[in-house]
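Overview (structure and organization)
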Amino acid sequence: MKIFLLLVFWSLWYFNFSTRIIISPLLPIIEDELVITHAMAGSIFSFLSAGYTISLLLSGFLSPRIGYKRSIVLGFVVLMTAVFCLKYASSYPSFAVTTFFVGLGAGIYLPSIMPLLTAIFAPSNWGKAIAFHETAASFSILSIPLLTAVALSFFQWRVLFSILSMACFIVTIFFFLFSPDPRPKKERKARLLSILLRKDFWIVAILWIFAASNSLGLYNLIPLFLVKEKGMSIEMANTIFGISRIGGFFIVILVGFLVDRYGAKKILFLLLLSTGLTTVGLAITQTIPYLVLMLIFQATVCSGFFTVAFVAISKITSFDERSVFTGTTIAIGVIMGLGFAPFALGAIADIWNFQYGILFLGIVTAMSCILLKGLGEI
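One structure accompanies this document, and this report is about it. (Residues numbered from 1 in each chain as written. Predicted model: local features only at pLDDT ≥ 70, side-chain atom pairs only at ≥ 80, totals over all residues. Heavy atoms only, no water.)

All right, on to the side chain of threonine 118 then. Mapped onto the fold, threonine 118 is located in helix 6 (residues 109-120). The buried category is assigned to threonine 118, whose relative accessible area is 7%. At 3.3 Å, the side chain of threonine 118 and the backbone oxygen of proline 115 are in polar contact. If near-sequence neighbours (up to four positions away) are discounted, threonine 118 is found in contact with Trp126, Ser314 and Arg322. (Helix = DSSP H or I, 4+ residues; strand = E, 2+ residues; numbered from the N terminus. Buried < 20%, exposed > 50% of the residue type's maximum accessible area, 1.4 Å probe, protein only. Polar contact = N/O pair within 3.5 Å; in protein donor to acceptor, adjacent residues only side chain to side chain. Contact = heavy atoms within 4.5 Å.)

Structure (structure tokens):
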């Protein structure tokens, strides 16, 4: 039964993640149809992250009160409705506002599913269980650009939103029927202020900002970078982009075993340093073959961070405060990493080019490893 539940959770996370990922490979088409600049295209993700951030913060308080299961179902109802409405958004304002509601529905999931996962599985298996769950995000990053490239040969791009909305509906039914619903004791519910006063919270939150900026923040603009600056067709860009994500799927599984054996702190150091260095390499690489190789390396090492970070959060929090800690941490990371970073990179590209912004991002990410000294042994 535990394995079946894990597969249901995996499916939920895959389609939840895909609702945000699918905008990226479609961004060159969206930019042309809506007649907007690079910065405005990047700002679509700011609206997405605004909704995502609000629901992350609300989820930390809503989920312990109405239940983690009901919170996830509520989030998916909002999510599938908003994704379906994207099909009919024909202007920049309508598209941006609708993506806000996509984020609003999607953000409830993670703060609610982490307490469920850690309640169902023993602490000695948290790394492996969370790692398997996180492969859904890696597989989404890998498969959605490839599936989009194929689907665009058969469907008009707006039809893809209808298909994704229906998929969300189906997995929500399975989750509602089979998932348990553990809840924290009423007298032990965590307070936000107590979380915000913790040093380890701010360390994890800052590291999350850099990881999110290098993964989803950068991810959302790579197709635009390849099409507009490297002169590739959108089909070629999405194919290369999808192939570059293959390594991320496998490293998520690998770090799940490594973190259970060696601890989260050591693995986080290696992942952050490698992410920073490969992002720098992505910025300074000029030829297409080496650029593709660097995309593979960068995407691979960056993908492992979130699995290890979730394990770290689970180890430094109790069951009662895990949802608030997780939601608030991700919210801060999303505001800066998924909201501000794409807009900043797009604005820099309008003034100079994408490479300057990517180079700076890589340098500060490598330097962020220093912050790990402030965490205890985890």
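From this point on, the discussion continues.
For the pair helix 1 (residues 2-21) and helix 7 (residues 126-151), the least separation of the axes is 8 Å and the interaxial angle reads 40°. Relative to helix 7, the element helix 1 is oriented oblique. Viewed along their axes, helix 1 and helix 7 form a crossing whose handedness is right-handed. Among the residues making up the contact of helix 1 with helix 7, the classes are represented as 16 nonpolar, 5 polar and 1 charged. (Axes fitted to C-alpha atoms, helices over the stretch in contact; angles between N-to-C directions. Parallel < 35°, antiparallel > 145°, perpendicular 65-115°, else oblique. Left-handed = near helix turned anticlockwise from the far one by under 90°. Nonpolar A, V, L, I, M, F, W, Y, C, P; charged D, E, K, R; others polar.)

The next subject is the environment of asparagine 238. By secondary structure assignment, the location of asparagine 238 is in helix 12 (residues 234-243). Given the relative accessible area of 1%, asparagine 238 is considered buried. Linking asparagine 238 and phenylalanine 176, residues 62 residues apart in sequence, is a C-alpha distance of 34 Å. Once you skip the residues sitting within four places of it in the chain, asparagine 238 turns out to touch Pro25, Pro145, Leu146, Ala149 and Pro223.

Right, let's get into a nonpolar patch on the surface. On the surface, a nonpolar cluster with roughly 1000 Å² of combined accessible area is contributed by Met1, Phe4, Met166, Phe169, Ile170, Ile173, Phe174, Phe176, Leu177 and Phe178. Note that methionine 1 resides in the segment before helix 1. Take methionine 1: its relative accessible area is 64%, and that puts it in the exposed class. (Patch = residues over 30% accessible without salt bridge, like charges linked within 9 Å, V, L, I, M, F, W, Y side chains within 5 Å. Areas by Shrake-Rupley, 256 points an atom, 1.4 Å probe, with all protein chains shown as cover. Salt bridge = Lys/Arg side-chain N within 4 Å of Asp/Glu carboxyl O.)

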